[in-house]
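Inside the fold
Each chain, letter by letter, is given below.
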Amino acid sequence: MASSVKQLCTICNDDGICNSAVTWCTECEVLFCGDCEKPHRKSHLSKNHKTMSADDYQKLPTFMQEVSSHCHDHKKKFELYCSFHACPCCVQCVTDKHKMCQEMKPLSDILQQVKSSASVQLFEKDLKDVKENIDTAIKYLQTRITTSNTQNTKVIEKIRYMRKSIDDYLNKLEQDLLNDLESKYSKLKSNMASLMQQMEQRASQINQMQSQFSETTQYTTELQRFIGLREIEKITSQTTKYIDDLESGDHFIEKNLEVNLSSALQSILQDVNSFGIININTTTSTLKMKAGRKDQAQNLIPKVPGVEQIKPSLLTRLTISKDIKSLDIYACLILPDGKSIILDSNKKQLLLFRNDGIFIRKVVTFTGYPHDGCLVMNNRVAVALGLENQTVLVDVNRSKIIQSIKLSHECFGVASDGKTLVVSSGGQCTTVNLSDMSQTIIEGRGLNCISLFQGNIYRTDDSENEVCCYKVTGEPLWTFQHQYIVSPRGLTLDKNGFVYVASAGNNSIVVVSPDGKVCKTILSDADEIKDPYAIDINRETGLMIVSSDISGEKNEKSYQTCFVYKV
């Protein structure tokens with residue numbers, strides 16, 4: 001809303017006097033104080049002017065207060081309205097900025113339409129509906145936030161429960177292993193301790209005999225000495241045999257404690273890279289909004305976006321490796337996920353590239369020479385096989401031709417809107433209903449490079465340097481020629497119905513307005529566009545792909561690639 005600062009009388013303020021305004025004249029666009037308002041009201045020229053109080057004027061939105069009936073640039077009164085640019089114009093504006101605009105109407109006629117229509121009531125209802133929809137959406141989002149909080153808590157609990165379960169199970173496995181270790185260690189230790197005790201007893205006996213040996217030989221009788229030595233020999237022999245038996249057995253084999261950890265546990269450290277994956281799964285919204293009016297009566301003036309607003313920005317260039325540099329690109333497509341498809345007629349193949357332009361793989365090879373391709377829906381592509389009199393549907397994900405459509409004529413051009421397939425040759429055109437595969441022939445519409453949008457067929461004619469639009473039944477709607485369009489090849493349309501044309505004869509991409517009246521060059525040889533043939537736009541993502549020749553490195557020949565833009 002407007003500022004609460006007190007408005008000053010425009011007349012007095014110009015004279016350096018600060019008097020508060022009490023009235024605003026909607027026709028003079030001037031604020032009056034009480035003294036200045038009296039002569040304005042009595043004047044023959046202005047006595048019938050519509051006025052409002054300054055307080056009410058101050059309550060108007062700022063954007064309305066800033067609206068003037070005079071041109072800011074030329075200080076002249078607005079007399080005309082340009083429907084194409086959706087703006088009022090003075091006479092000088094037409095000369096300076098709107099020479100090419102053909103939709104100029106008297107501003108008085110436009111204003112009269114507003115006065116005589118029910119637009120005010122309709123827009124008042126629209127505002128009310130929008131406010132209710134916003135309030136409903138806010139409540140819905142608040143509910144969703146609460147639901148998300150609950151889901152977040154449950155997910156945390158699930159993660160922690162799983163962690164505790166894993167910890168408890170691993171603790172049990174660990175304890176079982178430790179118990180097994182303790183059992184085997186105790187047994188091993190007990191066996192060695194028992195053996196050592198036996199050997200210590202024999203060692204004690206030998207030690208005693210060794211310490212008494214000199215007395216035995218010096219102070220005993222000969223008989224005692226004889227008997228004693230025989231006993232020592234016997235004990236020594238038995239001990240030697242005991243040691244030999246121990247050595248020949250497994251008593252002195254080194255028994256080492258080791259552990260072989262489960263390979264499944266070890267694989268956790270190598271193979272398990274995450275505890276899990278958090279997904280955000282989408283379901284149909286339960287939000288119920290008031291439907292807006294779909295008829296065009298809600299618009300005071302139809303808004304037509306301008307060609308001059310279209311400025312593509314380069315995202316990437318497809319990287320063409322040496323083994324595929326012999327490309328002959330007849331079509332290039334943007335898939336819904338941002339990946340790119342090239343139709344190479346030279347080697348009869350369909351090639352897939354990543355979002356960053358890196359080659360992924362060959363999708364499929366055709367028996368006949370392909371001439372055109374288009375996206376049908378999701379990741380399914382239709383390819384026209386020229387002299388084979390057939391068009392095939394290819395599942396890109398499965399790298400497989402899933403259906404062949406036989407036609408009564410050659411197939412040089414193909415286009416689709418997801419429901420209908422249009423296949424063209426040099427002499428006629430056939431529409432294919434994709435739900436039941438029924439065919440309808442359109443006689444006398446020989447088209448090669450074609451596109452399909454909102455029930456209309458668009459095509460280029462390189463011999464006549466023209467772009468044409470037809471109804472799907474064959475009736476012509478408009479034909480456009482311009483000096484910017486030379487030897488046009490492929491064409492495509494964006495979501496607003498603008499036609500993008502590959503103008504091969506002058507190395508440029510030209511955009512034609514939906515009504516086929518004006519055009520603009522948006523890419524040229526200054527943007528490294530050379531001999532463009534194929535072009536495509538994904539209307540959902542706004543990505544555009546254009547084929548072009550580029551110079552090879554060092555002594556290499558030029559070769560074909562594609563540029564990807566955001567439009």
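Residues numbered from 1 in each chain as written. Predicted model: local features only at pLDDT ≥ 70, side-chain atom pairs only at ≥ 80, totals over all residues. Heavy atoms only, no water.

Side chains that are nonpolar tend, in soluble globular proteins, to be buried together. L318, I342, Y500 and M544 are the most contacted members of the largest nonpolar core, which totals 34 residues. Mapped by element, the contributors of at least two residues to this core are strand 8 (329-334), strand 10 (349-353), strand 25 (499-503), strand 26 (508-512), strand 27 (519-523), strand 28 (535-538), strand 29 (543-550) and strand 30 (559-566). With sequence-adjacent residues up to four places away left out, M544 is seen in contact with P312, I334, Y500, L523, I535, D536, I537, F563, V564, Y565 and V567. The next biggest cluster of nonpolar side chains, apart from the first, holds 16 residues, and it includes V363, V364, V381 and V392. (Core = buried A, V, L, I, M, F, W, Y, C linked by side-chain atoms within 4.5 Å. Buried < 20%, exposed > 50% of the residue type's maximum accessible area, 1.4 Å probe, protein only. Helix = DSSP H or I, 4+ residues; strand = E, 2+ residues; numbered from the N terminus. Contact = heavy atoms within 4.5 Å.)

Pairing is antiparallel across the open sheet formed by 4 strands, whose spatial order is 20-21-22-23. Each end of this open sheet is capped by a strand with a single partner; those strands are strand 20 (450-453) and strand 23 (476-481). Going across the sheet, the axis of each strand differs from the next one's by a mean of 20°, ignoring polarity. Across 4 bridges, strand 20 lies against strand 21 (residues 456-461) in antiparallel orientation. When the bridges of strand 21 are listed, S451 appears paired with Y458. (Pairing = 2+ DSSP bridges. Axes fitted to C-alpha atoms, helices over the stretch in contact; angles between N-to-C directions.)

Below, the discussion takes up the side chain of T391. With respect to the helices, strands and loops of the structure, T391 is situated in strand 14 (residues 390-395). The class of T391 is buried, set by a relative accessible area of 0%.

Taken together, V155, I159, M162, I166, Y169, L170, L173, L265, I268, V272, F275 and I278 make up a surface patch of nonpolar side chains, about 1000 Å² in accessible area. Sorting the residues of the nonpolar patch by element identifies helix 7 (119-218) and helix 9 (263-271) as the ones contributing at least two each. For the nonpolar patch, the element with the highest residue contribution is helix 7, accounting for 7 residues. Residue position: V272 is located in the loop between helix 9 and strand 7 (313-317). Here V272 falls in the partly exposed class, since its relative accessible area comes to 47%. (Patch = residues over 30% accessible without salt bridge, like charges linked within 9 Å, V, L, I, M, F, W, Y side chains within 5 Å. Areas by Shrake-Rupley, 256 points an atom, 1.4 Å probe, with all protein chains shown as cover. Salt bridge = Lys/Arg side-chain N within 4 Å of Asp/Glu carboxyl O.)

Tallied over the entire structure, the rule returns 0 disulfides. The structure places no disulfide on C374, whose sulfur is separated from the nearest cysteine sulfur, that of C411, by 12 Å. (Disulfide = S-S within 2.5 Å.)

Below, the discussion takes up the packing of aromatic side chains. For any two aromatic rings, the description comes down to two numbers: the centre-to-centre distance and the angle of the planes. One pass over the full model with this rule turns up 5 aromatic pairs. When the ring of Y330 is compared with that of Y533, the centres are 5.5 Å apart and the planes differ by 35°; the resulting orientation is tilted. One end of the pair, Y330, is in strand 8; the other, Y533, is in the loop between strand 27 and strand 28, and 203 residues separate them in sequence. Plain terms: the ring middles of F353 and F359 are 5.4 Å apart, the flat faces sit at 65° to each other, and that makes the pair edge-to-face. Relative accessible area serves as the criterion here: at 29%, F359 is assigned to the partly exposed category. In this structure, R202 is placed above the aromatic ring of Y242, and the distance from its NZ or CZ to the ring centre is 4.0 Å. (Phe/Tyr/Trp six-rings, centres within 6.5 Å; stacked < 30°, edge-to-face > 60°. Lys NZ or Arg CZ within 6 Å of the ring centre and 35° of its normal.)

Let's shift gears to the pattern of salt bridges. Tallied over the full model, the rule gives 14 salt bridges. A salt bridge links D395 to R398, with the shortest nitrogen-to-oxygen separation between them at 3.8 Å. When its relative accessible area of 49% is taken as the criterion, R398 is described as partly exposed. A network of salt bridges, in which partner residues are shared, links R459, D461 and E466.

Taken together, 3 strands build an open sheet; the order of strands is 2-1-3 and the sheet is antiparallel. Across the chains shown, the open sheet's two edge strands, defined by having one partner strand only, are strand 2 (30-32) and strand 3 (51-53). Taking each pair of neighbouring strands and ignoring which way they run, the sheet shows an average axis angle of 30°. Its contacts with the sheet put helix 2 (residues 34-42) on strand 1 (23-25), strand 2 and strand 3, and the angle it makes with strand 2 is roughly 115°.

What follows concerns the pairing of strand 20. Residues I450 and L452 of strand 20 are buried on one face, and the alternating residues S451 and F453, pointing to the opposite face, are buried as well. Here strand 20 hands over to strand 21 after 2 residues, with Q454 in that stretch at a positive phi of 50°.

Estimates place the volume of the second largest pocket at around 900 Å³. Looking at the second largest pocket, it is lined by 47 residues, and the ones nearest its centre are C374, I450, S451, L491 and D536. For the lining of the second largest pocket, the elements supplying multiple residues, two or more each, are strand 8, strand 12 (372-377), strand 16 (413-416), strand 20, strand 21, strand 24 (488-493) and strand 28. Counting residues per element, the lining of the second largest pocket draws most heavily on strand 12, at 6 residues. Of the residues belonging to the lining of the second largest pocket, the class tally is 23 nonpolar, 14 polar and 10 charged. (1 Å grid on protein atoms, 1.4 Å probe; cavity = no way out; pocket = protein on both sides within 12 Å on 5 of 7 lines; lining within 4 Å. Points joined across faces, edges and corners; volume = space filled by probe spheres on them. Nonpolar A, V, L, I, M, F, W, Y, C, P; charged D, E, K, R; others polar.)

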